[in-house]
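Analysis of the macromolecular model
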Amino acid sequence: MAFLMKFCTLIVNVLCLPLHLLQAVGLYEIYKRFFPFCVYRISITYNKKMHDKKKELFRSLPEFNKPGGQLTILEIGCGSGTNFEFYPPGSKVICTDPNPHFQKYLKKTMAENDHLKYERFVVASGEDMGSIESESVDVVVATLVLCSVSNTPQVLREAYRMLRPGGAFFFLEHVVADPSTWSYFFQHVLQPAWYYFGDGCEVTRETWKPLEAAGFSELKLRHIEAPLMFMIKPHIIGQAVK
């Protein structure tokens, strides 16, 4: 099975040679202008199917509000703002994303969720958010983000840095399937093509491992099967307290 998987992956890599070439010469960057539109459309379906899971995940957000204060949430890779509807009324939200072309869709979602106060939109990668002060936010959120960052441990270090003591990191991410399944096989075989479709997304990551090693004082993490296509069906969900 391992040989077959490697052989099939090689074939897919060969078929992706034009895409590899486009990336090598810098033309793939054009897709980043259209990617926000794709994400915006796909996110509508994702939110419908994952509504109950997201509602469950974000139900405990108010617990991390300082007494008499305003809950401050920083979202890494906010995209088009599909999590906003789940945030508690009155929360202050700081949005970050490395792709500035999301702003058009972000503004639309902000207008639809006027129960929140939006502080600013920061164009920054998850690995380097130096413009955000250390220990300045109550909650950091990342959903469907850690699959495409270049350095997951560094993103988690940044999240830890920005959180105040006692703050929490909330996550919902798709991960690699169990090695005994066909999903695992096809995740690896189709990954070369999926990388371009998802703007750097990798479906073969064991994201729970860097979370377990990130040094949080408390980690609540569950593996779930999402009602989605086999490539992104395995998910992890939970929160980590600083």
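Described below are features of the structure shown in this document. (Residues numbered from 1 in each chain as written. Predicted model: local features only at pLDDT ≥ 70, side-chain atom pairs only at ≥ 80, totals over all residues. Heavy atoms only, no water.)

**Here we look at the sheet that holds strand β1 (residues 72–76)**
Reading across the sheet, the seven strands line up as β3-β2-β1-β4-β5-β7-β6 and stay open at both edges, with mixed pairing between neighbours. Where the open sheet ends on each side, the last strands, each with one partner, are β3 (117–123) and β6 (218–225). Here the strands of the sheet are splayed against their neighbours by 15° on average, with no regard to which way each runs. The pairing of β1 with strand β2 (residues 92–97) spans five bridges and is classified as parallel. Residue pairing across strands places Thr72 opposite Lys92, the latter belonging to β2. Helix α5 (residues 103–112) rests against β2 and β3 of the sheet, and its axis sits at about 170° to β3. On the sheet, helix α6 (residues 152–162) packs against β1, β4 (137–143) and β5 (163–174) and is oriented at approximately 145° with respect to β5. (Pairing = 2+ DSSP bridges. Helix = DSSP H or I, 4+ residues; strand = E, 2+ residues; numbered from the N terminus. Axes fitted to C-alpha atoms, helices over the stretch in contact; angles between N-to-C directions. Contact = heavy atoms within 4.5 Å.)

**Some details on unusual backbone geometry**
The phi torsion at Glu135 lies on the positive side, around 55°, for a residue other than glycine. Considering the arrangement of structural elements, one finds Glu135 in the loop between β3 and β4. Despite not being glycine, Leu144 has its phi angle at roughly 55°, a positive value. Along the chain, Leu144 falls in the loop between β4 and α6. Take Leu144: its relative accessible area is 33%, and that puts it in the partly exposed class. (Buried < 20%, exposed > 50% of the residue type's maximum accessible area, 1.4 Å probe, protein only.)

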